[in-house]
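If you want the building blocks of each chain, they are given just below.
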Amino acid sequence: MQTITVLGSTGSIGVSTLDVIARHPDRYQVFALTAHTSVEKLLRQCCDCRPRFAVMRDEQSAEQLRAGLQAKGLETEVLAGESGLEWVSAHDDVDSVMAAIVGAAGLAATLAAVNSGKKVLLANKESLVMAGGLFMKAVAESGAVLLPIDSEHNAIFQCMPANYQNLEQAGIRKILLTGSGGPFRQTPLLDLAQVTPDQACAHPNWSMGRKISVDSATMMNKGLEFIEACWMFGVRPDDIEVVVHPQSIIHSMVEYADGSVLAQMGNPDMRTPIAHAMAWPERIESGVASLNFTDLARLDFESPDYQRFPCLRLATEVAARGGTLAATLNAANEVAVDAFLGEQIGFTDIPKVIEQVLNGSDCHEPVNLDVVKVADAEAREMAYQWVARLQRTA
Ligand code: NAD
Ligand code: MG
């Protein structure tokens, strides 16, 4: 029996994780569930999963959840805030932690799980983008087992040899990181300025949270994944090629020195990578339907269009430059996406905000977490100013 904490259990990845867990009551036991402010949803999940702990973002929502649990006669203990998240991630009785909080808000709890040597199922790509060097050093020192949930990284992991150490030792020529191109791959460029948040969140293949959906529409998601892959597999930007593949059936590929290309395929459903990482190195049922090749008929591939997707260009440039710039990029993107979702700025303003913030930021060596946090805070402050400026000129 494995005991698991699900950070961000009320989100898209969280719900898919609980779906896989529910299929295997003999294998997994939920230790803790956490949410930002959705009390009702977390209460329902507590009724179904009976966790020992539940964590809400603030004391007020924690109080509401306590009242709800008491009314139902449940004994789940409710904690609040960052310290609560770290407590349920590092607790001695926990084997695995699903890191599925969105954005920089997930960094501290994910690192707490890493530092206590857990099996860490990493969906929160932002933590690796922000603090990749420190993160991977903590993994090496603690003996934590890091398993990728992001479908591309999970695919790459599945296509690599079990004893992978580095590209050369494994005889790998390059990594092919695939991405669908999102909902605006073929939208006339002149129409992009007018697209709405709901249009940006209507991904053709995947159903996801709103932040990552917008990231997919700008292809910043592929940019963040590019940086994520560099850290996770210990490779240089030159070792990765981005390939646009609109059907999202191939989730990424690895090309070997002999010319062999291994691809991992499946229906676009996050329960596949989740079940893979949860059971690794075993395999379990995920609830995902078989791939129907005759219905599929074709798979298409294109080069990424950097004019249409300036966010992808900015992220690959940052990957090459290194330092705290990735934390800067990530923070500016979070502020810009939030402002777009709140209809303060337009879709094409997102890369403008990020580029201005990058231009105005220094690159430091991320020697410790404080340096990263300062870069993050400074970038947010600058991004708020650019959002305000763009709003005035709109
Ligand atoms: P989501 O918005 O659906 O869910 C986010 C979860 O985090 C919710 O449970 C929310 O309550 C919680 N949360 C949000 N802000 C918080 C805060 N400040 N403090 C504490 N908790 C907070 O997001 P998602 O789509 O499930 O994505 C989660 C993570 O997984 C992201 O990092 C995303 O990039 C990554 N990811 C998601 C998918 C996908 O298919 N959804 C695929 C690959 C990677
Ligand atoms: Mg992905």
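Scroll up to find the structure.
Computed from a prediction, not measured in an experiment: that's the story for all the values here.

This next bit is on the coordination of the magnesium ion (ligand 2). For a metal bound by four donors in tetrahedral geometry, the ideal donor-metal-donor angle is 109.5 degrees, whereas six donors in octahedral geometry ideally sit at 90 or 180 degrees. Asp-150 (OD), Glu-152 (OE) and Glu-225 (OE) make up the full set of protein donors to the magnesium ion (ligand 2), lying at 2.1 Å. Donor residues for the magnesium ion (ligand 2), ordered by position in the chain, follow D-x1-E-x72-E. Judged on exposure class, the residue Asp-150 and its partner Glu-152 are both buried.

It is worth spelling out the site of ligand 1 at this point. In the vicinity of ligand 1 lie 22 residues, with Thr-10, Ser-12, His-36, Glu-126 and Gly-209 positioned nearest. Within the backbone of Gly-8, one N or O atom sits 3.2 Å away from an oxygen atom of ligand 1. With respect to ligand 1, the backbone of Ala-123 contributes an N or O atom lying 3.5 Å from an oxygen atom. With the chains in place, 88% of the 830 Å² that ligand 1 exposes on its own is no longer accessible. Residue assignment for the shell around ligand 1 shows that the elements contributing at least two residues are helix H1 (12–22) and helix H6 (125–142). The class makeup of the residues in the shell around ligand 1 is ten nonpolar, eight polar and four charged.

Let us now look at the pattern of salt bridges. Going through the model one piece at a time under the given rule, you end up with 27 salt bridges. The salt bridge partner of Arg-27 is Glu-282, with a shortest N-O separation of 3.2 Å. Here the residue Arg-27 occupies a position in the loop between H1 and strand S2 (28–35), and Glu-282 occupies one in the loop between helix H12 (271–279) and helix H13 (293–296), the gap between them amounting to 255 residues. Across the pair Arg-313 and Glu-317 runs a salt bridge, and its minimum N-O distance is 3.3 Å. With Arg-313 and Glu-317 both in helix H14 (residues 310–321) and four residues apart, the pair spans about one turn of that helix. The class for Arg-313 is partly exposed, based on a relative accessible area of 28%. What emerges from the salt-bridge pattern is a single network uniting Lys-125, Asp-150, Glu-152, Lys-222 and Glu-225.

Moving on to the sheet that holds strand S9 (residues 240–244). Taken in spatial order, the four strands line up as S9-S8-S10-S11 in an open sheet, and their pairing is mixed. The open sheet terminates on both sides in strands that have one partner only, identified here as S9 and strand S11 (261–265). Across this sheet, the average inter-strand angle for adjacent strands is 20°, counted without regard to direction. Direction of pairing for strand S8 (residues 172–179) relative to S9: parallel, over a ladder of five bridges. By the bridge assignment for S9, Thr-178 is matched with Val-243. Of the strands in this sheet, S8, strand S10 (250–256) and S11 touch helix H7 (residues 151–159), which is tilted by about 40° from S10.

To continue, consider the packing of aromatic side chains. On inspection of all chains with the given rule, the structure shows six aromatic pairs. Here Phe-157 and Trp-280 contribute two aromatic rings whose centre-to-centre distance is 5.8 Å and whose plane-to-plane angle is 65°, an arrangement assigned as edge-to-face. Here Phe-157, found in helix H7, pairs with Trp-280, found in the loop between H12 and H13; they are 123 residues apart in sequence, far enough to count as distant. Given a relative accessible area of 23%, Phe-157 falls into the partly exposed group. Seen from the ring of Trp-386, Arg-389 lies directly overhead, with NZ or CZ sitting 4.1 Å from the centre.

In this section: the state of the cysteines. In the structure shown here, the tally under the stated rule is zero disulfides. Cys-46 provides the cysteine sulfur closest to Cys-49, a residue in no disulfide bond, and the two sulfurs are 7.7 Å apart. Taking relative accessible area as the criterion, Cys-49 reaches 23% and is therefore assigned partly exposed. Cysteine Cys-363 remains unbridged, with the sulfur of Cys-230 as its closest cysteine sulfur at 15 Å.

Here the focus is the side chain of Arg-380. Turning to its location among the elements, Arg-380 is positioned in helix H17 (residues 369–393). Within the structure, Arg-380 has its side chain in polar contact with the side chain of Glu-334 (distance 3.1 Å). Not counting the four nearest positions on each side in its chain, Arg-380 is found in contact with Ala-104, Ala-331, Glu-334 and Val-335.

This part is about the nonpolar core. Counting residues in each nonpolar core, the largest one holds 92 residues, and the members touching the most others are Met-160, Phe-233, Leu-329, Ile-345, Phe-347, Ile-350 and Ile-354. A per-element tally of this core places helix H15 (residues 325–341) first, with eleven residues. Apart from the residues within four sequence positions on either side, Ile-350 is in contact with Val-214, Thr-218, Cys-311, Asn-333, Ala-336, Val-337, Phe-340 and Ile-345. Val-78, Ala-100, Ala-275 and Met-278 belong to the second-largest nonpolar core, a separate cluster that totals 36 residues.

Criteria and cut-off values
All residue numbers refer to position in the chain's written sequence, counted from 1. Labels are handed out in written order, letters beginning with A for the chains and numbers beginning with 1 for the ligands. Given that this is a predicted model, residues contribute local features only at a pLDDT of at least 70 and side-chain atom pairs are listed and counted only at 80 or more, while totals for whole chains, interfaces and linings are drawn from all residues. Computation of side-chain values covers all heavy atoms of the structure but excludes hydrogens and water. For Na, K and Ca the donor cutoff is 3.2 Å, while for all other metals N, O and S atoms must lie within 2.8 Å; water is not among the atoms, so some sites may look incomplete. Summary of the burial criterion: residues with accessible area below 20% of their type's maximum are buried, those above 50% are exposed, and those between are partly exposed, where the area comes from a 1.4 Å probe applied to protein chains only. Distances are taken per atom, and a residue is near a molecule or strand as soon as one of its heavy atoms is within 4 Å of it. Between N or O atoms, a polar contact is any pair within 3.5 Å; within protein, one atom must be a potential hydrogen donor and the other a potential acceptor, and residues adjacent in sequence are included only when both atoms are from side chains. Per-residue and other accessible areas follow the Shrake-Rupley method at a 1.4 Å probe size, with only the shown protein chains counted as cover for residues. The way it works is that DSSP assigns letters per residue, a run of H or I at least four long becomes a helix, a run of E at least two long becomes a strand, and they are numbered from the N terminus. Note that Gly is not counted as nonpolar here; it falls among the polar residues with everything else outside the nonpolar set of Ala, Val, Leu, Ile, Met, Phe, Trp, Tyr, Cys and Pro and the charged set of Asp, Glu, Lys and Arg. We define a salt bridge as a side-chain nitrogen of Lys or Arg found within 4 Å of a carboxyl oxygen belonging to Asp or Glu. In short, DSSP must find at least two bridges between two strands for them to pair. Lines fitted to C-alpha atoms define the axes, with helix axes restricted to the stretch in contact, and inter-axis angles between N-to-C directions lie between 0 and 180 degrees. Contact definition: two residues touch when any of their heavy atoms are within 4.5 Å. Two aromatic rings from Phe, Tyr or Trp, using only the six-membered ring of Trp, form a pair when their centres are within 6.5 Å; if the ring planes differ by under 30 degrees the pair is stacked, by over 60 it is edge-to-face, and anything between is tilted. Here, a charge over a ring means that NZ of Lys or CZ of Arg falls within 6 Å of the ring centre while also lying within 35 degrees of the ring normal. Counting rule for disulfides: a pair of cysteine sulfur atoms within 2.5 Å. Buried residues of nine kinds, namely Ala, Val, Leu, Ile, Met, Phe, Trp, Tyr and Cys, make up a nonpolar core once their side-chain atoms join them within 4.5 Å.

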